Amino acid sequence: MPSFSPKSEARLSTCHPDLQAVCRELIKQYDFSVLCGRRNKAEQDAAFAAGNSRLKYPQSKHNAKPSLAVDIAPYPIDWSNLARFREMLCRFDALARLMLERGEIESEFEYGADWARLKDYPHIEIKS
Ligand SMILES: [Zn+2]
């Protein structure tokens, strides 16, 4: 059974409990890395400067405490294989719907892969 690396675990622990809950179920059936949880001001400034975020601190859902967004990627990471990202997101979404139905979480999620422009495949955020 796959499990989180210490880095993934540390990043995930900065996220909202519902994001954590779904990720902790998903890792049992699908190996993936947590690339980013909460970003503090310095980290958001760096992400903005690098073009990895379009938002300035504290507008990103990654800036909330706990983080209302998480970035995940199939392990091992292959940025050219978007089909794997879609498969991972399908699995995440199926689990999330089931867990919501069972009352194990209260949140619904939005996926950066669904955005019409500037798709952000690793990004999952809690719907506001
Ligand atoms: Zn993100």
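Look a little higher up for the structure.
Residues numbered from 1 in each chain as written. Predicted model: local features only at pLDDT ≥ 70, side-chain atom pairs only at ≥ 80, totals over all residues.

Visitor: Can you break down the pairing of strand β2 (residues 69-74) residue by residue, with the values?
Guide: Regular strands have side chains that alternate between both faces of the sheet. Of all six residues making up β2, five are buried, and the element is well covered by its neighbours. Alignment of strand β1 (residues 32-36) against β2, held across four bridges, turns out to be antiparallel. Within β2, the position partnered with Val34 by the bridge is Ile72. Note: β2 against strand β4 (residues 123-126), three bridges, orientation antiparallel. For Val70, the partnering residue across the bridge sits in β4 and is Ile124. (Buried ≥ 20, exposed ≤ 12 C-beta atoms within 10 Å, placed from the backbone. Helix = DSSP H or I, 4+ residues; strand = E, 2+ residues; numbered from the N terminus. Pairing = 2+ DSSP bridges.)

Visitor: Got a sec to walk through the environment of Arg86? Specific residues and values, please.
Guide: Residue position: Arg86 is located in helix α4 (residues 82-101). Put simply, Arg86 and Ile105 are 19 residues apart on the chain and 22 Å apart in space, counted from C-alpha to C-alpha.

Visitor: Account for the sheet that holds β1, naming residues and giving values.
Guide: Strand pairing in a sheet takes place through backbone hydrogen bonds and is either antiparallel or parallel in direction. Read across the open sheet, the four strands follow the order β1-β2-β4-β3; overall the sheet is antiparallel. Edge positions in the sheet fall to β1 and β3 (109-111), since each has one partner strand and no second. Adjacent strand axes in the sheet meet at a mean angle of 30°, parallel and antiparallel pairs treated alike. With three bridges joining them, β3 and β4 adopt antiparallel strand pairing. Bridging across to β4, Tyr111 finds its partner in Ile124. Contacting β1, β2 and β4, helix α2 (residues 17-26) crosses the sheet at an angle of about 15° to β2. Along the sheet, α4 contacts β1, β2, β3 and β4; its crossing angle with β2, the most-contacted strand, is approximately 130°. (Axes fitted to C-alpha atoms, helices over the stretch in contact; angles between N-to-C directions. Contact = placed C-beta atoms within 7 Å.)

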